[in-house]
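What follows is each chain in one-letter form.
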Amino acid sequence: MRDLELMMWDYRLTTAEILYHLPDHPSLLQTYVWQAIDLPPRFPRLTRFLDYWEATLDGKLHGVKVASAQLIRPGRFRHTRHLRHMH
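With that settled, consider the nonpolar core. Counting residues in each nonpolar core, the largest one holds eleven residues, listed as Ala16, Ile18, Tyr20, Trp34, Ala36, Phe43, Leu46, Phe49, Leu50, Trp53 and Leu61. Beyond its immediate stretch of four places on either side in the chain, alanine 16 contacts Tyr32, Val33, Trp34, Leu46, Val64, Lys65 and Val66.

This is how it looks when you write it as structure tokens:
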């Protein structure tokens, strides 16, 4: 599906800040930012990515911060106080 179609089904722009230990220097932390269209609250794409990270990459995960934003929202309107017609 295209991203717009996914957003119609309540998928949202998801950003994750991943902190991990450097493999050569475990006392140092490095930051990685991951972003994709994902479905809250379970975040299946992020979960698959983190599972891949733990299975394949050497850097041990320290922590993950997740933010999600709904890009398509219901339309907003406001009442007008004056109405004028022009030719």
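On to the sheet that holds strand E1 (residues 12-21), then. Adjacent strands of a sheet form backbone hydrogen bonds with each other and so pair up, either parallel or antiparallel. With antiparallel pairing, the three strands of this open sheet are ordered in space as E2-E1-E3. Where the open sheet ends on each side, the last strands, each with one partner, are strand E2 (29-38) and strand E3 (61-69). Averaged over all pairs of adjacent strands, the angle between strand axes in this sheet comes to 15 degrees, irrespective of strand direction. Sheet topology note: the E1/E2 ladder contains ten bridges and is antiparallel. Looking across to E2, one finds that arginine 12 is bridged to aspartate 38. The strands touched by helix H2 (residues 44-56) are E1, E2 and E3; relative to E2, the strand with the most contacts, the crossing angle is about 145 degrees.

This paragraph deals with the pairing of E1. Both E1 and E3 contribute to a ladder of eight bridges, which runs antiparallel. Pairing of threonine 15 across the sheet is with alanine 67, part of E3.

Once that is clear, we can look at the pattern of salt bridges. For the coordinates displayed, the defined rule picks out one salt bridge. A salt bridge links aspartate 10 to arginine 12, with the shortest nitrogen-to-oxygen separation between them at 3.4 Å. Assessed through its relative accessible area of 34%, aspartate 10 is described here as partly exposed. Among the residues examined, arginine 12 registers a relative accessible area of 22% and is labelled partly exposed.

Attention now goes to H2. For H2, which comprises 13 residues, the first-to-last C-alpha distance of 18 Å matches the rise-based estimate of 18 Å (1.5 Å per residue) to within 8%. The complete set of buried residues in H2 reads Leu46, Phe49, Leu50 and Trp53. End-on view of H2: buried residues confined to an arc of 95 degrees, all on one side of the axis. Of the exposed residues in H2, the ones pointing more than 90 degrees away from its buried face are Arg48 and Ala55.

Cut-offs used in this document
Residues numbered from 1 in each chain as written. Predicted model: local features only at pLDDT ≥ 70, side-chain atom pairs only at ≥ 80, totals over all residues. Heavy atoms only, no water. Core = buried A, V, L, I, M, F, W, Y, C linked by side-chain atoms within 4.5 Å. Buried < 20%, exposed > 50% of the residue type's maximum accessible area, 1.4 Å probe, protein only. Contact = heavy atoms within 4.5 Å. Pairing = 2+ DSSP bridges. Helix = DSSP H or I, 4+ residues; strand = E, 2+ residues; numbered from the N terminus. Axes fitted to C-alpha atoms, helices over the stretch in contact; angles between N-to-C directions. Salt bridge = Lys/Arg side-chain N within 4 Å of Asp/Glu carboxyl O. Expected span 1.5 Å × (residues − 1). Arc of directions from axis to C-beta.

Any functional reading would require information beyond the geometric quantities listed.
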